[in-house]
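Working through the structure, step by step
Given next are the chains, with one letter for each unit.
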Amino acid sequence: DSGVTQTPKHLITATGQRVTLRCSPRSGDLSVYWYQQSLDQGLQFLIQYYNGEERAKGNILERFSAQQFPDLHSELNLSSLELGDSALYFCASSVAGGPTDTQYFGPGTRLTVL
Amino acid sequence: GQSLEQPSEVTAVEGAIVQINCTYQTSGFYGLSWYQQHDGGAPTFLSYNALDGLEETGRFSSFLSRSDSYGYLLLQELQMKDSASYFCAVILDNYGQNFVFGPGTRLSVLP
């Protein structure tokens, strides 16, 4: 158990819908990351937050957005969902968000878009 | 664009040594990380190299050659529990952790 929690564990929805994925970092960690893992695209970094502010941005679509709240939990919002958005979404956290920090991954949210 | 290459599959027997290579072509480079992921599980961090050379952590070692844009993960004294997928990841800059991941190598350890 990494100490990072993600909810929900599974999510099934329809195309065109909007969903919110939630992540709580390990106690004491200030930085949160979001990743998408799919069979065709592999593991992709989406976005990183540090203490409430966006720090790094990867291959995140404009239909996706994220934020980190004052209590340091984070939410990833996915809108206008397409079949190709079906994937495993991981959240990770680290102490300070620097390049040498170890990231601890949560168990993931499996999103299925029908 | 960003490009990382890894072998798709590697098979070895218990007790053996295996090397998983990673070559990269990226717009920036700050360091190379390795992650392990068991089927159905989350990635777990294994190692990190920012400088050329070998980093050793128990049975696992990781090597980097920045001039060759190449690194590898060396797993010694293989155990059945090492059967998993292994990903290399390039950290593109030194501010955040903007990663690009390789496609992953599936390691199967046979008895």
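Residues numbered from 1 in each chain as written. Chains lettered and ligands numbered in written order. Predicted model: local features only at pLDDT ≥ 70, side-chain atom pairs only at ≥ 80, totals over all residues. Heavy atoms only, no water.

**Thoughts on the side chain of S79 of chain A**
All names here are of chain A. Filter applied, for reference: Numbering goes from the N terminus for both helices and strands, where a helix is a DSSP run of H or I of at least four residues and a strand is a run of E of at least two. The rule is simple: take the accessible area with a 1.4 Å probe, protein chains only, and divide by the maximum for that residue type; under 20% is buried, over 50% is exposed, in between is partly exposed. Definition of a polar contact: a pair of N or O atoms within 3.5 Å, with one able to donate and the other able to accept a hydrogen when the atoms are protein atoms, and with sequence-neighbouring residues admitted only if both atoms are side-chain atoms.
Within the secondary structure, S79 sits in the loop between β8 (74-78) and β9 (87-94). Of the residues examined, S79 reaches a relative accessible area of 18% and is grouped as buried. For S79, the side chain forms a polar contact with the main-chain oxygen of R63, separated by 2.8 Å.

**Let's talk about the sheet that holds strand β7 (residues 64-68) of chain A**
The strands making up a sheet are joined through hydrogen bonds of the backbone, oriented either antiparallel or parallel. All names here are of chain A. Our working rule: The criterion for strand pairing is that DSSP finds at least two bridges linking the strands in question. Here, axes are lines fitted to C-alpha atoms. For helices the fit covers the stretch in contact, and angles between N-to-C directions go from 0 to 180 degrees.
Spatially, β1-β3-β8-β7 is the arrangement adopted by the 4 strands of the open sheet, whose pairing is antiparallel. Taken across any chain shown, the strands that pair with only one partner, and hence form the sheet edges, are β1 (5-7) and β7. Strand-to-strand twist in this sheet, taken as the mean axis angle between neighbours without regard to direction, amounts to 15 degrees. Relative to strand β3 (residues 19-24), β1 is paired through 3 bridges, and the arrangement is antiparallel. Each residue of the ladder has a partner; that of T5, found in β3, is S24.

**Here we look at the pairing of strand β2 (residues 9-13) of chain B**
Residues in a regular strand point their side chains to alternate faces of the sheet. Residue and element names in this part refer to chain B. Side chains V10 and A12 project from β2 onto a buried face, and the interleaved E9, T11 and V13 project onto a face without burial. Bridge count between β2 and strand β11 (residues 105-110): 5 bridges; the pairing is parallel. Bridging across to β11, T11 finds its partner in S108.

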